[in-house]
Amino acid sequence: EINKPATSSSNGSGKQDVAADIVAAEKYTVTGAPAGPSKLYQGVAWSVHNKLVDAFEATQAYWKEKDPKHVYYLSAEFLMGRTLTNAVHNMGLEGEYAEALKKLGSSLEEVRSQELDAALGNGGLGRLAACFLDSMATLDLPGWGYGIRYRYGMFRQAVKDGLQVELPDYWLDNGNPWEIRRPATQFKVGFYGSLQDGKWVPGEEVIAEAYDVPIPGYKTKTCSNLRLWDALPTTELDLQAFNAGDYVKAVEQKRKADEITAVLYPNDATEEGKELRLKQQFFFVSASLQDTIARYLEKHSDLSGLPEKACFQMNDTHPTIAVAELMRLLIDVHGLSYDDAWAITTKTVAYTNHTVMPEALEKWPVRVLAKLLPRHMQLIEEINDRWLASIKDHVAGKVEKELAAKAAAVAEAKAAAKAEAQAAAKAEGKELAEDEEEAAEEKKEEVDHVAEALKAYSIIQENQWNKGEMLVNMAYLAVVGSFAVNGVAAIHSEIIKTDIFPQFVELFPERFQNKTNGVTLRRWLAYCNPELSALITEALGTDAWVKDASLLEKLKPFAEDASFRARWRAIKQQKKAALAAHIKEVTGYEVSTEPLFDIQVKRIHEYKRQFMNAISLIYRYKTIKEATPEERAKMVPRVCVFGGKAASAYYMAKKIVGLVLSISETVNNDPDVGDLLKVVFLPNYNVSEAEIIIPGAELSQHISTAGTEASGTSNMKFALNGSFIIGTMDGANIEIGENTGFENLFIFGVKAEEINRLREERKDFKDYDPRWTAALDMVKAGAFGRPDYFDDLVASVNDMTRGNDWFLLANDFASYMDAQDEVDKLYRDQEEWTRRSIIYTASNGFFSSDRTIDQYAREIWSVQPTPLP
Ligand SMILES: CCc1ccc([C@H](C)CC(=O)N[C@@H]2O[C@H](CO)[C@@H](O)[C@H](O)[C@H]2O)cc1
């Protein structure tokens, strides 16, 4: 079934003649591209494909036979990036392929840049899923990822006339050697239609076809799976319609199927609420659940055993329709009772929350859900009714207590008032009259209170911005339908308990956990920074740290060794040079490698405060312009790099990109500035760009308003590559500080617990830092061109009359600037800087996704490592 391009036989030594392999596989390439790196890349990729398939089949066959419990990671996004380097190194084939490519007059370095990124994700959430797959395979954990095979991934970002433009991501045009099409693995998925005597009769049906992407573990035979679903029409061409000349109708079904998996929604933290988005979510969830149940029933007949053999982890609320779909499959298709189905569902499904931003929490209008998925809406209503019924007494008890307390307070106040009035009346020699109907009023009120209080627990709730419209709160459905709920960093897991789900924590506190994020050390240190990795391996005398990150701790003593520091610094310089070359190639800007390389790369979002960074650079520019030669001589030069995509419909984020580009244009072409400051916006930030940028960084910025960034994962990648962090007490910055020692981080800004108060008071905020005002005045004065264009951006943080600056940039600016001065101060002492840079790498093995996944496996999934014999 699996298509394996014919490759050459072994060269008699049993050792596969990889070079011949590659040449043979080159013929297999789809594109017919002329000889050259891209064709060679295809040849290498297909030859690696074969080795992957062997490992994949062996693993899946073994797990099928052993039938261990599996975890299924349901995610609408998998930001995989490139595969070649990761696959060759994880399978320990780098030697063979380097040698073979040398024979063919090329190298892995040369061919790997021919590969297009698999950009099936927006940012943090999608990349985390990819790191998790690498760790699950490396830890030999039986598990699959389930997602969508988008035809077009995350848009490619280009810059035109100083603005972001979005271009389609034709990532499949040259074929995809990393997937295996499974024409035999297909499931029907229905939409719309109606309920006829309780049975759902879909109005539209498509076929979900599987594509398997082998996921090789590091230094293990285990090769797990990422199954992505593509949508096919039940009938490709409606010949009747065609013959009747209705050509549109003839291909209508195909068009409808194609649109489901056509494109990834490019929003990173604002829900769009488009019906097609829900269609995408249900499509991959239904196919994944049907697939898992079908494979379960191949070995088991009783579905009540499913929780022992499968666990579904929902990557945020995007797959949460799974709660209703599993109920439908168990009841409508497999004939279980509601209670049995609910018992199975709530023992099988778990939910991870990745954001507290209100605009990112999905709430589907009942109208939309009922139209697209009438049976599921019916089930969600039943789930909600039974849920509210099950907690009614608890809530009534609470209301009673609160009312009693309030009544007592009111009575006390009344009694006091009455005593006072009576005393006053007595003083004037008059009697006081009793009033009946007040008692009646109290009685009536009590009834409403319980109903009112229950609303706070209801999965189905009224839209507070559009009275009368009912919404399904997908996060509430996820919490009620899951046996475990976790946040992605310590502070975040506390915030979701206190701010997002307090009423649920009250009822089942044990369900709430924390699982601090992590990143794979293979891609994000060993493979993107082989030079630094070689030095670490040499120092530790082993490369075991790549699989056991806690061994990095042993690097600490080397920080005190000057010669080791010199080699460490030399490698950082090397990586800075590589980054500088990339900047030159992509932007044309020449940057020196002497300055401090200061990086902020992540999705553009107001809460991530790229704008505050930009304002600080305007002031740095102003300082340079006004400085005397003596002062300039003492300044620490900087190369400041920005990277990140703005969601295509996110107006303010696009303005921020525009401002950074204007600052870059102005500063970099200002002869007065020279190498003292260069500002660069690197377009199309993605996984492959990150692999070049992160090793070349010396300072990375994670400056979100405290309490807004759930975790962050680039902070971990920078820290592991010896790059300092300037940041707020937010997300995983805090745990990085705890591991690295806060004295080694440049922490600034208000704390999460102060935010609400400061937001209250922000309208009377007066003490603007003069550096802030000076910088914004330059923008308003047109120092960076098109002042009108930036007017509302400036107003968004500087005009409290318009109730702005929600993310408190003005509040944090002074301490941010002071922290930046601390950075300059330390950078002047390169020995101390390097010493601490080594401490960063040595202290943050905790942030390996192997540690994270090991915790999920033990504390949520109850899945055991099942390595091949
Ligand atoms: C409905 C649109 C939408 C799309 C994506 C999202 C994601 C949850 C946003 C996201 O990527 N969150 C990031 O997840 C990372 C992995 O846990 C965290 O490290 C980041 O802090 C968090 O912003 C929300 C809403």
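Residues numbered from 1 in each chain as written. Predicted model: local features only at pLDDT ≥ 70, side-chain atom pairs only at ≥ 80, totals over all residues. Heavy atoms only, no water.

Draft legend 1. A look at the pattern of salt bridges. Considering all chains together, one arrives at 61 salt bridges under this definition. Where Asp212 meets Arg182, a salt bridge forms, and the shortest distance between an N and an O atom there is 2.6 Å. In this pair, Asp212 sits in strand E10 (residues 204–216) while Arg182 sits in strand E7 (residues 180–191), placing the two residues 30 residues apart along the sequence. Assigned by exposure class, Asp212 and Arg182 land together as buried. (Salt bridge = Lys/Arg side-chain N within 4 Å of Asp/Glu carboxyl O. Helix = DSSP H or I, 4+ residues; strand = E, 2+ residues; numbered from the N terminus. Buried < 20%, exposed > 50% of the residue type's maximum accessible area, 1.4 Å probe, protein only.)

Draft legend 2. Highlighting the nonpolar core. Formed by 240 residues in total, the largest nonpolar core has its most connected members in Phe191, Phe283, Ile380, Phe501, Trp545 and Trp861. When residues in this core are grouped by element, the largest group, 10 residues, is from helix H15 (residues 374–427). Contact partners of Trp861, with chain neighbours within four places excluded, come to Lys69, Val71, Tyr73, Met136, Cys311, Gln313, Ile853 and Tyr856. Tyr41, Leu52, Val53 and Cys223 belong to the second largest nonpolar core, which has 24 residues in total. (Core = buried A, V, L, I, M, F, W, Y, C linked by side-chain atoms within 4.5 Å. Contact = heavy atoms within 4.5 Å.)

Draft legend 3. Here's a closer look at the pairing of strand E2 (residues 78–81). What you see with E2 is no split at all: Phe78 and Met80 on one side and Leu79 and Gly81 on the other are buried throughout. Inspection of the sheet shows E2 paired to strand E3 (residues 118–120) by 3 bridges, in the antiparallel sense. Counterpart to Leu79 in the pairing with E3 is Ala119. (Pairing = 2+ DSSP bridges.)

Draft legend 4. A look at unusual backbone geometry. Of note, the phi angle at Asp140 is positive, near 55 degrees, even though the residue is not glycine. Tracing the chain through its elements places Asp140 in the loop between helix H6 (124–138) and strand E4 (143–148). Look at Asp140 and you get buried, because its relative accessible area is 11%. A positive phi angle, near 65 degrees, is found at Asp316, a position not held by glycine. Mapped onto the elements of the fold, Asp316 is located in the loop between strand E12 (310–315) and helix H12 (322–333).

Draft legend 5. Structural detail: the packing of aromatic side chains. Summed over all chains, the structure comprises 39 aromatic pairs. Joined through ring pairs, the aromatic side chains of Tyr351, Trp387, Tyr457, Tyr476, Phe501, Phe504, Phe508 and Phe512 make up one cluster. Here the basic side chain of Arg386 rests over the ring of Tyr338, its NZ or CZ set 3.7 Å away from the ring centre. (Phe/Tyr/Trp six-rings, centres within 6.5 Å; stacked < 30°, edge-to-face > 60°. Lys NZ or Arg CZ within 6 Å of the ring centre and 35° of its normal.)

Draft legend 6. Expanded view of the confidence of the model for the protein. Averaged over all residues, the pLDDT of the protein is 94; the fraction at 70 or higher stands at 95%. Interface scoring of the predicted complex returns ipTM 0.99; its pTM is 0.96. (pLDDT = per-residue confidence, 0-100.)

Draft legend 7. How the structure looks around the sheet that holds strand E16 (residues 470–473). Strand order in this open sheet of 3 strands is E14-E16-E15, and the pairing throughout is antiparallel. Pairing within the sheet leaves two strands with one partner each, and these edge strands are strand E14 (363–365) and strand E15 (460–462). Taking each pair of neighbouring strands and ignoring which way they run, the sheet shows an average axis angle of 40 degrees. In this fold H15 packs onto E15 and E16, with an angle of close to 90 degrees to the strand it touches most, E15. Of the strands in this sheet, E14, E15 and E16 are in contact with helix H17 (residues 474–481), which crosses E16 at around 45 degrees. (Axes fitted to C-alpha atoms, helices over the stretch in contact; angles between N-to-C directions.)

Draft legend 8. Geometry of the pairing of strand E23 (residues 724–727). Neither face of E23 is exposed, since Phe724 and Ile726 on one face and Ile725 and Gly727 on the opposite face are all buried. Bridge analysis of strand E22 (residues 699–702) against E23 gives 4 bridges, and the strand direction is parallel. Within the sheet, the bridge partner assigned to His702 lies in E23 and is Gly727. Chirality of the crossover, the property in question, places the unit of E22, helix H27 (residues 714–720) and E23 among those that are right-handed. Note that E23 and strand E24 (residues 746–747) share 2 bridges and pair parallel. (Right-handed = clockwise from strand over helix to strand, strands pointing away.)

Draft legend 9. Representation of the state of the cysteines within the structure. Taken as a whole and assessed by the stated rule, the structure comprises 0 disulfides. Considering cysteine sulfurs only, Cys131 is the nearest to Cys311, which forms no disulfide, with 20 Å between them. (Disulfide = S-S within 2.5 Å.)

Draft legend 10. Just helix H21 (residues 530–540), in detail. Residues Leu532, Ser533, Leu535, Ile536 and Leu540 constitute the buried set of H21. For H21, the arc enclosing every buried residue in end-on projection is 160 degrees, short of the 170-degree limit, so these residues lie on one face. Contact partners of the buried residues in H21: helix H20 (521–527), helix H22 (562–587) and helix H33 (830–843). Phi turns positive one or two residues past the end of H21, at Gly541, with a value near 75 degrees. (Arc of directions from axis to C-beta.)

Draft legend 11. Molecular detail of the sheet that holds strand E18 (residues 512–514). Across the sheet, 9 strands lie side by side as E7-E10-E11-E4-E1-E12-E13-E17-E18; this open sheet has mixed pairing. Two strands bound the open sheet, and with one partner strand each, they are E7 and E18. When the angles between neighbouring strand axes are averaged without regard to direction, this sheet yields 25 degrees. Across the sheet, H6 is in contact with strand E1 (70–74), E4, E10, strand E11 (223–233) and E12; its angle to E10 comes to roughly 55 degrees.

Draft legend 12. Molecular detail of the site of the ligand. Inspection of the region around the ligand gives 22 residues, with Asp268, His354, Asn517, Glu709 and Gly712 positioned closest. Within the side chain of Glu709, one N or O atom sits 2.6 Å away from an oxygen atom of the ligand. Within the contact set of the ligand, an oxygen atom lies 2.9 Å away from a backbone nitrogen or oxygen of Ser711. Burial of the ligand by the surrounding chains reaches 97%, relative to a free accessible area of 570 Å². The greatest single-element share of the shell around the ligand, amounting to 3 residues, is contributed by H6. Class assignment for the residues of the shell around the ligand results in 7 nonpolar, 9 polar and 6 charged. (Near = heavy atom within 4 Å. Polar contact = N/O pair within 3.5 Å; in protein donor to acceptor, adjacent residues only side chain to side chain. Areas by Shrake-Rupley, 256 points an atom, 1.4 Å probe, with all protein chains shown as cover. Nonpolar A, V, L, I, M, F, W, Y, C, P; charged D, E, K, R; others polar.)

Draft legend 13. Expanded view of H12. Among the 12 residues of H12, 11 are classified as buried, and the element is accordingly described as predominantly covered. Taken together, the buried positions of H12 are Ala322, Val323, Ala324, Glu325, Leu326, Met327, Arg328, Leu329, Leu330, Ile331 and Asp332. Gly335, located one to two residues past H12, shows a positive phi value of around 70 degrees.

Draft legend 14. Representation of the packing of helix H23 (residues 610–626) against helix H32 (residues 809–827) within the structure. Look at H23 against H32: their axes get within 10 Å of each other, and the N-to-C directions meet at 60 degrees. Here H23 is positioned oblique relative to H32, judged by the angle of their axes. Regarding H23 and H32, the two cross each other, and that crossing is right-handed. For the pair formed by H23 and H32, the contact residues are Phe611, Met612, Asn613, Ile615, Ser616, Tyr619 and Arg620 on the first element and Leu809, Asp812, Phe813, Tyr816, Met817, Gln820 and Asp824 on the second. When the residues that make up the contact of H23 with H32 are grouped by side-chain class, the tally is 8 nonpolar, 3 polar and 3 charged. (Parallel < 35°, antiparallel > 145°, perpendicular 65-115°, else oblique. Left-handed = near helix turned anticlockwise from the far one by under 90°.)

Draft legend 15. Spotlight on a nonpolar patch on the surface. The grouping of Leu237, Leu239, Phe242, Tyr247 and Val251 at the surface amounts to a nonpolar patch, some 460 Å² of accessible area in total. If you trace the backbone, Leu239 turns up in helix H7 (residues 239–243). Classification of Leu239 by relative accessible area gives partly exposed; the value is 44%. (Patch = residues over 30% accessible without salt bridge, like charges linked within 9 Å, V, L, I, M, F, W, Y side chains within 5 Å.)

Draft legend 16. Region of the structure containing the packing of H6 against helix H34 (residues 849–861). Between H6 and H34, the least distance of the axes is 9 Å, while the angle of their chain directions is 75 degrees. Between H6 and H34, the angle is such that the two are roughly perpendicular. On H34, the residues that touch Cys131, Phe132, Ser135 and Met136 of H6 are Ser849, Asp850, Thr852, Ile853, Tyr856 and Trp861.

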